[in-house]
Amino acid sequence: MYNFVYQNPVKVIFGKDTISKVAEEIPLNAKIMLTYGGGSIKKTGVYDQIKLALKDVELVEFGGIEVNPHYETCMQAVELAKTEKVDFILSVGGGSVLDATKFIAAAALYSDGDPWDIIAKQARVKKAIPLGAILTLPATGSEMNGNSVITRVSSQEKMAFSSPKVMPKFSILDPECVFTLPDKQVANGIVDAFIHVIEQYLTFDVNSPIQDRFAEGILSTLIAEGPKVLADRKDYESAANFMWSATMALNGLIGAGVPQDWATHMIGHELTAFHGIDHARTLAIVLPGVMHVKRESKKDKILQYGERIWGITSGTDDEKIDTSIAKTVEFFESLGLPTTLPEYDVDIDTIAKITSRFEERGFKLGEKADIDFNEVEAILMDRL
Ligand code: NZQ
Ligand code: ZN
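Residues numbered from 1 in each chain as written. Chains lettered and ligands numbered in written order. Predicted model: local features only at pLDDT ≥ 70, side-chain atom pairs only at ≥ 80, totals over all residues. Heavy atoms only, no water.

Moving on, we come to the overall build of the chain. When helices and strands are counted, the chain shows 15 helices and eight strands. In summary, the chain has a C-alpha radius of gyration of 20 Å against a globular reference of 21 Å for 384 residues, a match within 12%. In terms of principal-axis extent, the alpha carbons of the chain reach across some 65 × 45 × 45 Å. Per-residue burial over the chain gives 57% buried out of 384 residues. Residue pairs at least 24 apart in sequence account for 78% of intrachain contacts in the chain once pairs closer than 6 positions are excluded. Looking at the chain as shown, the accessible area adds up to about 15,700 Å², and 50% of this sits on carbon and sulfur atoms. Taking the average place of the 39 positive charges on the side chains of the chain and the average place of its 54 negative ones, the gap between the two points comes to 5 Å. (Helix = DSSP H or I, 4+ residues; strand = E, 2+ residues; numbered from the N terminus. Rg over C-alpha atoms; globule rule 2.2 N^0.38 Å. Buried < 20%, exposed > 50% of the residue type's maximum accessible area, 1.4 Å probe, protein only. Contact = heavy atoms within 4.5 Å. Areas by Shrake-Rupley, 256 points an atom, 1.4 Å probe, with all protein chains shown as cover. Lys, Arg positive; Asp, Glu negative; His and termini not counted. Charge placed at Lys NZ, Arg CZ, Asp CG, Glu CD.)

Below, the discussion takes up the site of ligand 1. The environment of ligand 1 is made up of 31 residues, and the closest members are Ser-40, Gly-95, Ser-96, Lys-158 and His-196. At 3.1 Å, a side-chain N or O of Asn-68 approaches an oxygen atom of ligand 1. A distance of 2.7 Å separates an oxygen atom of ligand 1 from a polar atom in the backbone of Gly-95. Out of a free accessible area of 960 Å², ligand 1 has 89% covered by protein chains. When the residues that make up the shell around ligand 1 are grouped by side-chain class, the tally is eight nonpolar, 20 polar and three charged. Each of domain 1 (11–176) and domain 2 (183–381) gives at least three residues to the shell around ligand 1. (Near = heavy atom within 4 Å. Polar contact = N/O pair within 3.5 Å; in protein donor to acceptor, adjacent residues only side chain to side chain. Nonpolar A, V, L, I, M, F, W, Y, C, P; charged D, E, K, R; others polar. Domains from an automatic or database assignment.)

Moving on to the packing of aromatic side chains. Using the criterion set out here, one finds eleven aromatic pairs in the structure. Between the aromatic rings of Tyr-71 and Trp-116, the centroid separation amounts to 4.9 Å while the plane-to-plane angle is 65°, which identifies the pairing as edge-to-face. A residue pair is termed long-range when its members are at least 10 positions apart, and Tyr-71 in helix 4 (residues 71–83) and Trp-116 in the loop between helix 5 (95–107) and helix 6 (117–120) qualify at 45 residues. Classification of Trp-116 as buried rests on a relative accessible area of 7%. Measuring from centroid to centroid gives 5.3 Å for Phe-194 and Phe-331, while their planes differ by 50°, and the two rings are tilted. Linking Phe-194 in helix 7 (residues 183–201) with Phe-331 in helix 13 (residues 317–334), this pair joins segments that are 137 residues apart in sequence. We classify Phe-331 as buried; its relative accessible area is 6%. Connected via pairs of aromatic rings, a cluster forms that spans Tyr-71, Phe-103, Trp-116 and Phe-161. Across the ring face of Tyr-47, the terminal group of Lys-42 is positioned such that the distance to the ring centre comes to 4.7 Å. (Phe/Tyr/Trp six-rings, centres within 6.5 Å; stacked < 30°, edge-to-face > 60°. Lys NZ or Arg CZ within 6 Å of the ring centre and 35° of its normal.)

Within the protein, the atoms that donate to the zinc ion (ligand 2) are Asp-192 (OD), His-196 (NE2), His-265 (NE2) and His-279 (NE2), at distances of 2.0 to 2.1 Å. Sequence positions of the donors to the zinc ion (ligand 2) reduce to the motif D-x3-H-x68-H-x13-H. Linking Asp-192 in helix 7 with His-265 in helix 10 (residues 263–275), this pair joins segments that are 73 residues apart in sequence. (Donors = N, O, S within 2.8 Å, 3.2 Å for Na, K, Ca; no water.)

Turning our eyes to something else, we now look at the domain arrangement of the chain. You can read the domains of the chain as domain 1 (11–176) and domain 2 (183–381). Taking only C-alpha atoms, the centre of domain 1 and the centre of domain 2 are 26 Å apart. Across the boundary between the two partners, domain 1 contributes 25 residues, which contact 22 residues of domain 2. It is Pro-138, Gln-156 and Lys-158 in domain 1 that bury the most area against domain 2; as a group they hold 29% of the surface buried on that side. Here domain 1 is connected to domain 2 by zero salt bridges. Counting across the interface, domain 1 meets domain 2 through five residue pairs in polar contact (both at pLDDT 80 or more). When contributions to the side of domain 1 that touches domain 2 are tallied by element, the ones reaching two or more residues are strand 1 (11–14), strand 6 (147–152) and strand 7 (157–162). (Buried area = accessible area lost by both parts, 1.4 Å probe. Salt bridge = Lys/Arg side-chain N within 4 Å of Asp/Glu carboxyl O.)

With that settled, the discussion passes to the pattern of salt bridges. All told, the structure shown has 23 salt bridges when counted by the stated rule. Lys-31 is the partner of Glu-84 in a salt bridge, and the nearest nitrogen-oxygen pair spans 2.9 Å. Remark: Lys-31 occurs in strand 2 (residues 31–36) and Glu-84 occurs in the loop between helix 4 and strand 4 (88–93); sequence separation between them is 53 residues. The partly exposed category is assigned to Glu-84, whose relative accessible area is 29%. Under the relative-accessibility criterion, Lys-31 is labelled buried at 16%. For Glu-216, the salt bridge goes to Arg-308, with nearest N and O atoms at 3.0 Å. Within this pair, whereas Glu-216 is found in helix 8 (residues 209–231), its partner Arg-308 is found in helix 12 (residues 299–310), the two being separated by 92 residues in sequence. Judged by relative accessible area, which is 37%, Arg-308 ranks as partly exposed. Residues joined in a network through salt bridges with shared partners are Lys-31, Glu-58 and Glu-84.

Here we come to empty space enclosed by the protein. Taken as a whole, this structure holds two cavities of 30 Å³ or more when the rule is applied. Counted as a void, the largest cavity has a volume near 40 Å³. Lining the largest cavity are Ile-198, Glu-199, Leu-202, Asp-261, Thr-264, Leu-287, Val-290 and Lys-298. Put simply, the parts of the chain that give the lining of the largest cavity at least two residues each are helix 7 and helix 11 (279–293). Taken as a whole, the second largest cavity encloses approximately 30 Å³ of empty space. Sorting the residues of the lining of the second largest cavity by element identifies helix 7 and helix 8 as the ones contributing at least two each. (1 Å grid on protein atoms, 1.4 Å probe; cavity = no way out; pocket = protein on both sides within 12 Å on 5 of 7 lines; lining within 4 Å. Points joined across faces, edges and corners; volume = space filled by probe spheres on them.)

Encoded structure:
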């Protein structure tokens, strides 16, 4: 196992009727900016619950944060946060609202130049307005990490930054929020969380059996509980298990001390940037290609995954790897996510654009930093 430092300061408040506890968590006498998305919180009643819980608090609202949040929108919120001199930001929504909130919190106090540098140049975030989250959609793990993914519309770029300074002070996770999610968002959430685990697990062995077993536990739980949530949206227990799985998938625990891949995400972000495809769907397309192209260097872990998760024990190693890929694809498709590029009307021209972007950036992806633009092309060609 590699050396590691692990610190996760996020206070998680999990369970039924927890939204009303928000008033106990925000700082006394603080001016709060409430950030939210396209209005789902008003339809689901979450907004009313918060307004009631915070009736004695000074609130400024910033709504309209879009899915795959835009830098341009975030900068409007930064202006508001500055003019109103807000002390704390409360994010209410899914990963998009929370990621936007993290960027707003950092950009509002950034004084070293253009705030886009936080993302484009990975400029260090020295301080940020403190923030908290009420999470309404299990998927990203953003509620318990310091990551944020932002899209700049003007340049069709979707990129991430990460800083401990933007980790939420608290995250309220009420599984009943799952009850109002459309099928598509539930399915996306299951697949996003599943692939977060895969990115930290399907690499190479460093003798880390605890991380492996944690990872396999989350994968198996998502496979067992995810379909139950899709079948019955009011099944509280399954919703709770799904929600906690998604948080555990990307809160740093399973990734501590082990190699990490993230190629699927990096390539997937380009599909969202150019075609607006939902984040999880891009991953469902790309992952089978990564498994296929990297079948030699990931061999031992793919065999372990196949056996422990899907019970694949017969055949040659190559056959077992093929079956593991097929079972993974079958799982995503059973949830309603198509896994090939033509199903999203993406053709070879986009593959060329993405490939040349990776060539220009000179990125080498994957746990061994050995996926160059040629391999990116091979991965995407596998999905045509
Ligand atoms: O915008 P509103 O009106 O709130 O509606 C949202 C949105 O349309 C709706 N929704 C959320 N909660 C709901 C609900 N509808 C009904 N009932 C509820 N309880 O769902 C839609 C999707 O929301 P969004 O926040 O975009 O989804 P998700 O949580 O999947 O977030 C996706 C974003 O997170 C980034 C992705 O790239 C993408 O931009 N990621 C962030 C990560 C992180 N911070 O660690 C890691 C991930 O890999 C991912 O990249
Ligand atoms: Zn993801």
